Amino acid sequence: MIPFSVLDLSIITRGSGPREAFRHSIEFAKRAESLGFHRYWLAEHHAMPGIASAATAVLIGQVAGATTRIRVGSGGIMLPNHSPLVIAEQFGTLETLFPGRIDLGLGRAPGADQRTARALRRDPAAPDRFPEDVVELLHYFEPSSEEDTHLIRAVPGAGLHVPVWILGSSLFSAALAAHLGLPYAFASHFAPAQMEEAIALYRSRFKPSERCAKPHVMLTVNIIAADEEAEGKRLATSLYQYFVALRRGRPIAFPPPVKSGPAPWSAEEQHMLGQTLACTFSGSRESVSAQVQAFADRHKPDELMIAVPIHDHDSRCRSLELAAKIRVEISGRQVD
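Notes on the structure follow. Remember, predicted model here, so these are calculated numbers, not experimental data.

Another aspect to go through is the pairing of strand β3 (residues 71–78). In terms of burial, β3 is largely enclosed, as 8 of its 8 residues are buried. By the bridge criterion, 4 bridges tie strand β2 (residues 39–42) to β3 in an arrangement that is parallel. In the strand pairing of β3, Tyr 40 is matched with Val 72. What joins β2 to β3 is helix α2 (residues 56–66), and the crossover it makes is right-handed. Note that β3 and strand β4 (residues 102–107) share 5 bridges and pair parallel. Opposite Met 78, over in β4, you have Gly 107 as the bridge partner. For the crossover that starts at β3, traverses helix α3 (residues 84–97) and ends in the parallel β4, the hand is right-handed.

The next point concerns the packing of α3 against helix α5 (residues 130–140). Relative to each other, α3 and α5 sit at 40°, their axes nearing to 9 Å. Overall, the two elements α3 and α5 adopt an arrangement that is oblique. Remark: the crossing between α3 and α5 carries right-handed chirality. Only Asp 133, Glu 136, Leu 137 and Tyr 140 of α5 make contact with α3, whose side of the interface consists of Pro 84, Leu 85, Ile 87 and Ala 88.

So, about the nonpolar core. Counting residues in each nonpolar core, the largest one holds 88 residues, and the members touching the most others are Phe 37, Phe 91, Leu 104 and Ile 306. Beyond its immediate chain neighbours, meaning those up to four positions away, Phe 37 contacts Phe 4, Ser 5, Val 6, Ala 32, Ile 70, Ile 306, Leu 320, Ala 323, Ala 324 and Arg 327. Ranked by size, the runner-up nonpolar core spans 8 residues in total, among them Trp 41, Trp 165, Leu 167 and Met 218.

The full count for this structure, using the stated rule, is 8 aromatic pairs. Both rings, one in Trp 41 and one in Trp 165, keep their centres 5.3 Å apart while their planes meet at 85°; by these two values the pair is edge-to-face. Taken together, the residues span a long stretch of sequence, with Trp 41 in strand β2 and Trp 165 in strand β5 (residues 164–168) at a distance of 124 residues. The same class applies to Trp 41 as to Trp 165, namely buried. When the ring of Tyr 184 is compared with that of Phe 186, the centres are 6.2 Å apart and the planes differ by 75°; the resulting orientation is edge-to-face. Taking the relative accessible area as the measure of exposure, Tyr 184 reaches 0% and is therefore buried. Phe 186 sits in the buried class, given a relative accessible area of 1%. In this structure an aromatic cluster arises from ring pairing among Tyr 184, Phe 186, Tyr 202 and Phe 206.

Rules used throughout
Residues numbered from 1 in each chain as written. Predicted model: local features only at pLDDT ≥ 70, side-chain atom pairs only at ≥ 80, totals over all residues. Heavy atoms only, no water. Buried < 20%, exposed > 50% of the residue type's maximum accessible area, 1.4 Å probe, protein only. Helix = DSSP H or I, 4+ residues; strand = E, 2+ residues; numbered from the N terminus. Pairing = 2+ DSSP bridges. Right-handed = clockwise from strand over helix to strand, strands pointing away. Axes fitted to C-alpha atoms, helices over the stretch in contact; angles between N-to-C directions. Parallel < 35°, antiparallel > 145°, perpendicular 65-115°, else oblique. Left-handed = near helix turned anticlockwise from the far one by under 90°. Contact = heavy atoms within 4.5 Å. Core = buried A, V, L, I, M, F, W, Y, C linked by side-chain atoms within 4.5 Å. Phe/Tyr/Trp six-rings, centres within 6.5 Å; stacked < 30°, edge-to-face > 60°.

Right, dumping it as structure tokens:
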């Protein structure tokens, strides 16, 4: 059975706030665990009216504490915003508190606009040092002894097995993950343009390591499933509105679906949505299952991670339940 995992941005919906977003994330994680999902990742973003997961490590700890088995991690931590030592200490702390359950996904983007990036005291040259920073961070998880007085140690962190992933949407991230022998997660749910080329490059250049013996690809898709085809399509209009607002430079809280009438975006914006959200599968369980099956058959991921960007929490939970059934259906077809 191909593992399915969940990506959560702790969505702030219109008319609510971060408190509700956090409560819903914890409830959603519990449901994901009960439905057999493999991982539950949270993503770092800053100054976004619709995303509450800015303090990502803090929220990971809350989700891990509210669950018992599911792996919990970052999808991802934007490493140029941070000192590698600080991230090693944070995730060493999480791994110590929740042994065997913590993942550390690393990204190179700021997760913010440029003004916010400056407010984070981010070095403008930090993205250029991303490969070196990843290597430094990996070093902090290596075993050390008290005799190594000349070395900087992550306490906690040193000697802990925290799986480290490279996240990205480009050939750069694919090449880096392959060179370092790390698992690779591609952000196909919002930037699929280079997906096929990046997967091929990663698999062809992969160098086995102690952390990862063979190439391991996780692809992320949006699943917006409902009991009826039309309802799934309607629910997807929240995501479309959200991305149109981002492209217009006016980010918003996650909006309710379009009620009726013509779409509130232009033909050019519709074209942008078709490209940016090409890996968004919406509709009934049957139609979404067929779409996900075709995607998996074509790209052969080792894992699928799903985002469930739906405004109404109950509808979002229902979509997750349908996604769990889709996982079983796909696995049954693969066995056949």
